[in-house]
Amino acid sequence: MADAAELNIYNWGEYINPEVLKKFEEETKIKVKLSTYSSNEEMLAKIQGGASGYDVIFPSVHMQDIMAKLDLLEKTDINKYEGFKNIDPLFLRAKSDPNGEYCLPYAWGSVGIFYNRKILGKDVTGWKNLIETVKAKGLKFTLLDDMREVMAVGLILNGHKINSTDPAELQQAADTIIAMKPDVAAFTYDARPMVQSGEIAASQYFVGAMIDVFGNEKDLGYVIPEEGATMYQEDVCVLKSAPNKENAIKFLQFYTRPEVVALNVSQQTNGTANMPARQLTVEKIKNSKEINPPVETMNRLQIFEDLGPALRQVDRVWTRVKTAQ
């Protein structure tokens, strides 16, 4: 029998304000242990590989759908809990869970360009504009070490949908990314300090970089590219194999509270599906068109879907991108 007073959370690195976990521990006397992963695939492989002991996970929407197919998620009935009324129904995006019977929308945001205005000498508006500027000035930028995110940029720049599995469209997207490679310093998730220091001019990055922008608005910026961009959304789910299911459900219930969500947003600078929480965030976050984009920007954002076996097509062209000299 697991110790009644523990909860094992498995989340993306630095994707939750430690203050939120502290508050949960203080209120419930449940001891939280946090482990981290850096991609959906890593998390899934670990759980499918038999890693036991995790209770709560934070998959992206398409990964939630994959995990639902694999019967890895516990039905929590979080949608019957009173706090669920705070959730904007637009964010019930998982095809496997249209009513929120399993998981709770956690956080969402765009993936755009985080840049150093001082180094670039200007504000950038999108990918074409960044590439031209970087080439002209002999500067470098980074892309994420993420197959779907990087391929999405290639697809968007050629006017295709990010969930395309058309071989010709994928080849065209790969060619576009390969053409960028001379100006790409690295494929990495760790670009924030490099942009801050001016070691690189810009990076493909999540809107969470707004925390850095707020710290140095003179030199740093973040933009949702004019050509369009991806958006991500993670949900909070409970594993079927969770040893502490009751504590896990308590955590989901705790995370429907607007003041808890606002505390998280203040440190994460992500968007939230919790409508009252948006009103509790500081003016800077509440009024940020990067964090809370207007409708016309939202319409330019696309979200990943589970591609099933067709994912292999993307994997093949990604290998070509990574190995191209």
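Along the protein, the regular secondary structure elements total 15 helices and 10 strands. For a compact globule of 325 residues, the expected C-alpha radius of gyration is about 20 Å, and the protein comes in at 20 Å, within 12% of that figure. Judged by the C-alpha coordinates and their principal axes, the protein covers about 60 × 45 × 30 Å. Across the 325 residues of the protein, 54% fall into the buried class. The long-range fraction of contacts in the protein, counting pairs at least 24 apart against all pairs at least 6 apart in sequence, stands at 74%. In the form shown here, the protein has an accessible surface area of approximately 14300 Å², with 52% of it arising from carbon and sulfur atoms. Separation of charge centres in the protein, based on 37 positive and 44 negative side chains, amounts to 2 Å.

Summed over all chains, the structure comprises 14 aromatic pairs. Ring centres of F187 and W318 lie 5.7 Å apart, and the angle between their planes is 90°; on these two criteria the pair is classed as edge-to-face. With a gap of 131 residues between them, F187 in strand β6 (residues 184–187) and W318 in helix α15 (residues 311–323) connect regions that are remote in the sequence. Both residues of the pair, F187 and W318, belong to the buried class. Each residue in the set Y10, W12, Y37 and Y54 is aromatic and connected to the rest through ring pairs, giving one cluster.

Let us look at the environment of P98. On the secondary structure map, P98 appears in the loop between α3 (61–69) and β4 (104–116). What makes P98 partly exposed here is its relative accessible area of 47%. With 205 residues separating them in the primary sequence, P98 and I303 have C-alpha atoms 16 Å apart.

Turning next to the pairing of β4. With respect to burial, β4 is a largely interior element, 13 of its 13 residues being buried. By the bridge criterion, five bridges tie β4 to strand β7 (residues 202–206) in an arrangement that is antiparallel. Residue pairing in the sheet places F114 in a bridge with S203 of β7. Bridging between β4 and strand β8 (residues 220–223) involves four bridges; their strand directions are antiparallel. Bridging across to β8, Y115 finds its partner in G221.

To continue, consider unusual backbone geometry. One non-glycine residue, K29, lies in the positive phi region at around 65°. By the secondary structure assignment, K29 is in the loop between α1 (18–28) and β2 (31–37). We classify K29 as exposed; its relative accessible area is 62%. Phi at D77 is positive, roughly 55°, even though this residue is not glycine. Tracing the chain through its elements places D77 in the loop between α3 and β4. The exposure class of D77 is partly exposed, given its relative accessible area of 27%.

Another point: the state of the cysteines. All chains considered together, the criterion is met by one disulfide. Here C103 pairs with C237 through a disulfide, and the sulfurs are 2.2 Å apart. Measuring handedness by torsion sign, the sulfur bridge of C103 and C237 sits at about 115° and is right-handed. Taken together, the residues span a long stretch of sequence, with C103 in the loop between α3 and β4 and C237 in strand β9 (residues 229–238) at a distance of 134 residues. Considered together, C103 and C237 belong to a single accessibility category, that of buried residues.

Rules behind the numbers
Residues numbered from 1 in each chain as written. Predicted model: local features only at pLDDT ≥ 70, side-chain atom pairs only at ≥ 80, totals over all residues. Heavy atoms only, no water. Helix = DSSP H or I, 4+ residues; strand = E, 2+ residues; numbered from the N terminus. Rg over C-alpha atoms; globule rule 2.2 N^0.38 Å. Buried < 20%, exposed > 50% of the residue type's maximum accessible area, 1.4 Å probe, protein only. Contact = heavy atoms within 4.5 Å. Areas by Shrake-Rupley, 256 points an atom, 1.4 Å probe, with all protein chains shown as cover. Lys, Arg positive; Asp, Glu negative; His and termini not counted. Charge placed at Lys NZ, Arg CZ, Asp CG, Glu CD. Phe/Tyr/Trp six-rings, centres within 6.5 Å; stacked < 30°, edge-to-face > 60°. Pairing = 2+ DSSP bridges. Disulfide = S-S within 2.5 Å.

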